[in-house]
Amino acid sequence: EAGVVQSPRYKIIEKKQPVAFWCNPISGHNTLYWYLQNLGQGPELLIRYENEEAVDDSQLPKDRFSAERLKGVDSTLKIQPAELGDSAVYLCASSLGSNSPLHFGNGTRLTVT
Amino acid sequence: QKEVEQNSGPLSVPEGAIASLNCTYSDRVSQSFFWYRQYSGKSPELIMSIYSNGDKEDGRFTAQLNKASQYVSLLIRDSQPSDSATYLCAVTAGGGNKLTFGTGTQLKVEL
């Protein structure tokens, strides 16, 4: 089966610029996650979707971050405006359900200069 | 107290030895436990999942869960240099089944 697909793989932007990441989950996976991972740290949840509904976005900095999952399949994560501290790897993952194992995409490495 | 705690390492073991990785968690009602392996510059990949007390074996890997003591461990038998990676423990916690990761333990298998 095809895995979780993320794009772009790398992104370099200047601070205050907007940026968007895209994720296509594994077919049939209703649960989609966006995680942020800093160097030397474990992934930290930003938002979790069950189909098209965001069921946990408590860790999403809503002043600059937004996400959507139209039609319950693909998802986009946006940052506007980006700050230097946003430099990290943004991981998308999907699973059959909330208690099922997660399958991760390759991630997007964001560098904000 | 962090929700999921791991020793960051590095843990160094000789080739062929048993590597033992440990993880403790704070939420007593946690239901699902996972071990992920992450190579440098790569995404985490699932190694093991365990849901009930006891041991679960898969090839050279054994996951051990003790809910009373709130710890989960991963044993890697006959360690190989290709096992050198960071191992992330993940636990579902909270009423909403939120999956929380530890900071990971770096394993180095030396020739």
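As the structure is a prediction and not an experimental result, all values here were calculated from the model.

Enquirer: Explain the state of the cysteines to me, please; I cannot follow it from the model alone.
Expert: Two cysteines, two sulfur atoms, one covalent bond between them: this is a disulfide. The full count for this structure, using the stated rule, is two disulfides over all chains. For Cys23(A), the disulfide goes to Cys92(A), at an S-S distance of 1.9 Å. The chirality of the disulfide connecting Cys23(A) with Cys92(A) is left-handed, given an S-S dihedral of about -70°. Pair noted here: Cys23(A) is in strand 3 (residues 19–24) and Cys92(A) is in strand 9 (residues 88–95), with a separation of 69 residues, a long-range link. Across this residue pair, the class does not change: Cys23(A) and Cys92(A) are buried. Across a sulfur-sulfur distance of 2.1 Å, Cys23(B) and Cys89(B) are joined as a disulfide pair.

Enquirer: Please explain the interface of chain B and chain A as it appears in this structure.
Expert: Often, the extent of an interface is quoted as the loss of accessible area upon association of its parts. With 19 residues of chain B at the contact, the number on the chain A side is 21 residues. A buried area of about 1500 Å², summed over both sides, lies between chain B and chain A, and 50% of it is on carbon and sulfur atoms. Contact with chain A buries area across many residues of chain B, yet Ser43(B), Lys98(B) and Phe101(B) alone supply 29% of it, more than any other trio. Linking chain B with chain A are zero salt bridges. Elements with a contribution of two residues or more to the side of chain B that touches chain A: strand 4 (33–38), strand 5 (45–50), strand 9 (85–93) and strand 10 (98–101) of chain B. For the side of chain B that touches chain A, the per-class residue count stands at eight nonpolar, 10 polar and one charged.

Enquirer: Is there a simple way to think about the sheet that holds strand 3 (residues 19–25) of chain B in this case?
Expert: Hydrogen bonds between backbone groups are what pair the strands of a sheet, and the pairing can be parallel or antiparallel. All names here are of chain B. Pairing is antiparallel in the open sheet, where five strands are placed in the order 1-3-8-7-6. Each having just a single partner strand, strand 1 (4–6) and strand 6 (54–58) make up the two edges of the open sheet. Each adjacent strand pair in this sheet contributes to an overall mean axis angle of 20°, direction not counted. One ladder, built from six bridges, connects strand 3 with strand 8 (residues 71–76); its direction is antiparallel. Each residue of the ladder has a partner; that of serine 20, found in strand 8, is leucine 75.

Enquirer: Where do I start with the layout of surface pockets in this structure?
Expert: To find the voids left in a structure, one rolls a probe of water-molecule size over its atoms. Space inside the largest pocket adds up to approximately 660 Å³. In terms of lining residues, the largest pocket is bounded by 30 residues, among which Leu39(A), Gly40(A), Gln38(B), Ser40(B) and Gly41(B) are the most central. At the level of secondary structure, the elements contributing two or more residues to the lining of the largest pocket comprise strand 9 and strand 11 (108–112) of chain A together with strand 9 and strand 11 (105–110) of chain B. Looking at the lining of the largest pocket residue by residue, the class counts come to eight nonpolar, 19 polar and three charged. Roughly 430 Å³ of internal volume is contained in the second largest pocket. Breaking the lining of the second largest pocket down by element, the ones donating at least two residues are strand 4 (31–37) and strand 5 (44–50) of chain A together with strand 10 of chain B. Ranked by residue count, the leading element in the lining of the second largest pocket is strand 10 of chain B, at four residues. Of the residues that constitute the lining of the second largest pocket, the class distribution is 11 nonpolar, seven polar and five charged.

Enquirer: Looking at this model, I keep getting lost on the nonpolar core. Mind explaining?
Expert: Taken as a class, soluble globular proteins show a tendency for nonpolar side chains to be buried jointly. All names here are of chain B. Among the nonpolar cores identified, the biggest contains 23 residues, and Trp35, Val72, Leu74, Ile76 and Tyr87 are the most heavily contacted of them. Of all the secondary structure elements, the ones that give two or more residues to this core are strand 3, strand 4, strand 5, strand 7 (61–66), strand 8, strand 9 and strand 11. Once residues within four sequence positions are removed from consideration, tyrosine 87 is found in contact with Gln6, Leu21, Trp35, Tyr36, Arg37, Leu74, Ile76, Gly104, Thr105 and Leu107.

Enquirer: Just to check I follow, could you spell out unusual backbone geometry for this structure?
Expert: Most peptide bonds take the trans configuration, and most residues that are not glycine carry a negative phi. Here the bond from Gln80(A) into Pro81(A) is cis, since omega is -5°, no more than 30 degrees from zero. Mapped onto the elements, Pro81(A) comes out in the loop between strand 8 (75–79) and strand 9. For the peptide bond that leads from Gly9(B) to Pro10(B), omega is 10°, which places it in the cis range. The phi dihedral of Asn51(A) falls on the positive side, at around 55°, and the residue is not glycine. Here Asn51(A) lies in the loop between strand 5 and strand 6 (53–56). Residue classification places Asn51(A) among the partly exposed positions, given a relative accessible area of 35%. Positive phi values are uncommon outside glycine, yet Lys71(A) reaches one of about 60°. Tracing the backbone through its elements, the reader meets Lys71(A) in the loop between strand 7 (65–68) and strand 8. Residue class for Lys71(A) comes out exposed when judged on its relative accessible area of 82%.

Thresholds, definitions, all that
- Residues numbered from 1 in each chain as written.
- Chains lettered and ligands numbered in written order.
- Predicted model: local features only at pLDDT ≥ 70, side-chain atom pairs only at ≥ 80, totals over all residues.
- Heavy atoms only, no water.
- Disulfide = S-S within 2.5 Å.
- Helix = DSSP H or I, 4+ residues; strand = E, 2+ residues; numbered from the N terminus.
- Buried < 20%, exposed > 50% of the residue type's maximum accessible area, 1.4 Å probe, protein only.
- Contact = heavy atoms within 4.5 Å.
- Buried area = accessible area lost by both parts, 1.4 Å probe.
- Salt bridge = Lys/Arg side-chain N within 4 Å of Asp/Glu carboxyl O.
- Nonpolar A, V, L, I, M, F, W, Y, C, P; charged D, E, K, R; others polar.
- Pairing = 2+ DSSP bridges.
- Axes fitted to C-alpha atoms, helices over the stretch in contact; angles between N-to-C directions.
- 1 Å grid on protein atoms, 1.4 Å probe; cavity = no way out; pocket = protein on both sides within 12 Å on 5 of 7 lines; lining within 4 Å.
- Points joined across faces, edges and corners; volume = space filled by probe spheres on them.
- Core = buried A, V, L, I, M, F, W, Y, C linked by side-chain atoms within 4.5 Å.

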